[in-house]
Amino acid sequence: PAEEIAFAVKTSNADVVAISVTVSSEDHLIAKELRRLKRLLGREVILAVGGNAAHEYAGLLSEIGALIIDDCDHFKVILDQLAEQIQQKSVSVNT
C-alpha cells in the first residue's frame, strides 16, 4: 500500500524508492497506487520502478515523474547517477 511505503520513506529520510511491478493489472489498481505513492512521496523523493510489467506503465510513470528501471545493470547506473546528484545537492547546501 502506498501509505505504508510513503510512511517508511519519510521516517527513514530516504531519497529514492525503488519498487518492482511484476504483473499488469486490468483493474487499474497498480496505476492508482503508483499515482498515490508518488503524490505521497512528493517531488523530493525519486520513485524508480522496475519489474516485468514496468514498461506497461511507461506513460503513467513518465506522467508522474518516475524512472523506469530496465534491468539490474540499468538500476546500478541509475543509483550511481542519483547518488552523485544527491551528493552535489548536499555540498551546495552546506557551502
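These lines cover the structure that appears in this document, whether it is placed above or below.

Here is what the cut-offs are and how they apply
- Residues numbered from 1 in each chain as written.
- Predicted model: local features only at pLDDT ≥ 70, side-chain atom pairs only at ≥ 80, totals over all residues.
- Heavy atoms only, no water.
- Pairing = 2+ DSSP bridges.
- Helix = DSSP H or I, 4+ residues; strand = E, 2+ residues; numbered from the N terminus.
- Contact = heavy atoms within 4.5 Å.
- Buried < 20%, exposed > 50% of the residue type's maximum accessible area, 1.4 Å probe, protein only.

1. Focus on the sheet that holds strand β1 (residues 16–20)
- Here we have 3 strands laid out as an open sheet, ordered β1-β2-β3, and parallel in their pairing. Unpaired on one side and paired on the other, β1 and β3 (67–68) mark the two borders of the sheet.

2. Quick look at the environment of Val9
- Looking at the secondary structure, you find Val9 in helix α1 (residues 2–12).
- Put simply, Val9 and Ser20 are 11 residues apart on the chain and 16 Å apart in space, counted from C-alpha to C-alpha.
- The residues touching Val9, leaving out its near neighbours within four places in the chain, are Ala14, Val17, Leu41 and Val45.

3. Points about the pairing of strand β2 (residues 46–50)
- By the criterion of burial, β2 is predominantly enclosed, with 4 of the 5 residues buried.
- Of the pairings in the sheet, the one linking β1 to β2 comprises 5 bridges and is parallel in character. Bridging from a neighbouring strand, Ile19 pairs with Val49 of β2.

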